[in-house]
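Inside the fold
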Amino acid sequence: QPLKVLGIDVGLKAFLVDSQGKAVQNLRTFQKSEDQLAKAQRKLSTKKKHSRKYQKQKQRVSKRHQKIRNKRADFLHKLSKKLVEKNDVVCFEDLNIAGLVKNPYLSKSIADASWGTFFQLLKYKAEWAGTQAIDVAAKNTSQTCSGCGQIVPKGLSVRWYRCYHCGLELCRDHNAARNILYKGLEKLKAAGLVVFHAPESSSTDGEPEWCATRFWITGCDRINAFPGIPCLKAGEDVTALSGYVYV
């Protein structure tokens, strides 16, 4: 059976966008509870330290923090479980989160998103489920066109990707997720596996219609088991092609 491979790009506006263009909204657990937490902490500051009222208010603050952690953990656990159950291979970026949180404007939002925890959950749940979670280099995933492979520099504020080389237009995060998927397939290829698109159905002219996310992944000794599928020639750009054997 063909394997289902998915690329995911994490972000702040949407928690993640996958290579099919589907988005999962960011829960923003801390930001939604920030006002209530600040109010509880202000009340705590007015109490006499070590008094009974101080201890009670301190417990209220702790419970609010715990509620935020529980909501975030529940969201991350459920999402990571869903991804590994519905896909055979999940590809994600190996982000330098410690460097990203140094941004004074985005540090709170990045910490609230808990990408690092999510990636850890994804890895161990994939191992437990017998699937694969592959981390790929994050370089140029947002700048490279997923249609032709050309790099089109864009600022972080530009959320709609337009390629002036091939005319591709799509959401910036969707474009990045597709590039992450391609990099994951390249990593499988480097491990000595053969990866190619699985035909979803037959079109009206008799040619197979290639599915965007299902692939056959086999050892090199099984390459001749699927005749009629053209091989990718040496030097050709795999990111610009679909429906080909990657060798």
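Data block above holds the structure.
Residues numbered from 1 in each chain as written. Predicted model: local features only at pLDDT ≥ 70, side-chain atom pairs only at ≥ 80, totals over all residues. Heavy atoms only, no water.

Describing the packing of aromatic side chains
- All chains considered together, the criterion is met by four aromatic pairs.
- Both rings, one in Phe92 and one in Phe119, keep their centres 4.7 Å apart while their planes meet at 20°; by these two values the pair is stacked. In this pair, Phe92 sits in strand 4 (residues 89-94) while Phe119 sits in helix 5 (residues 115-129), placing the two residues 27 residues apart along the sequence. We note that Phe92, like Phe119, is buried.
- For the ring pair Phe118 and Phe119, a centre distance of 5.9 Å and an interplane angle of 50° mean the geometry is tilted.
- Chaining the aromatic ring pairs together yields one cluster made of Phe15, Phe75, Phe92, Phe118 and Phe119.
- Over the face of the ring belonging to Tyr161 we find Lys154, whose NZ or CZ atom lies 5.0 Å from the ring centre. (Phe/Tyr/Trp six-rings, centres within 6.5 Å; stacked < 30°, edge-to-face > 60°. Helix = DSSP H or I, 4+ residues; strand = E, 2+ residues; numbered from the N terminus. Buried < 20%, exposed > 50% of the residue type's maximum accessible area, 1.4 Å probe, protein only. Lys NZ or Arg CZ within 6 Å of the ring centre and 35° of its normal.)

A look at helix 6 (residues 172-190)
- The end-to-end C-alpha distance of helix 6 is 27 Å, a good match for the 27 Å that 19 residues give at a rise of 1.5 Å each.
- The first or second residue beyond helix 6 is Gly192, which carries a positive phi of 95°. (Expected span 1.5 Å × (residues − 1).)

Overview of the layout of surface pockets
- Size it by volume and the largest pocket reaches roughly 590 Å³.
- If you go around the largest pocket, you meet 24 residues; those closest to its centre are Val10, Gly11, Trp115, Leu156 and Arg159.
- For the lining of the largest pocket, the class distribution of residues is nine nonpolar, eight polar and seven charged. (1 Å grid on protein atoms, 1.4 Å probe; cavity = no way out; pocket = protein on both sides within 12 Å on 5 of 7 lines; lining within 4 Å. Points joined across faces, edges and corners; volume = space filled by probe spheres on them. Nonpolar A, V, L, I, M, F, W, Y, C, P; charged D, E, K, R; others polar.)

Some details on the packing of helix 2 (residues 52-86) against helix 5
- Running from N to C, helix 2 and helix 5 point in directions that differ by 40°, and their axes come no closer than 9 Å. Comparing their axes, helix 5 and helix 2 come out oblique. For helix 2 against helix 5, the interelement crossing comes out right-handed. On helix 5, the residues touching Leu76, His77, Leu79, Ser80, Lys81, Leu83 and Val84 of helix 2 are Thr117, Phe118, Leu121, Leu122, Tyr124, Lys125 and Ala126.
- Grouping the constituent residues of the contact of helix 2 with helix 5 by class yields nine nonpolar, three polar and two charged. (Axes fitted to C-alpha atoms, helices over the stretch in contact; angles between N-to-C directions. Parallel < 35°, antiparallel > 145°, perpendicular 65-115°, else oblique. Left-handed = near helix turned anticlockwise from the far one by under 90°. Contact = heavy atoms within 4.5 Å.)

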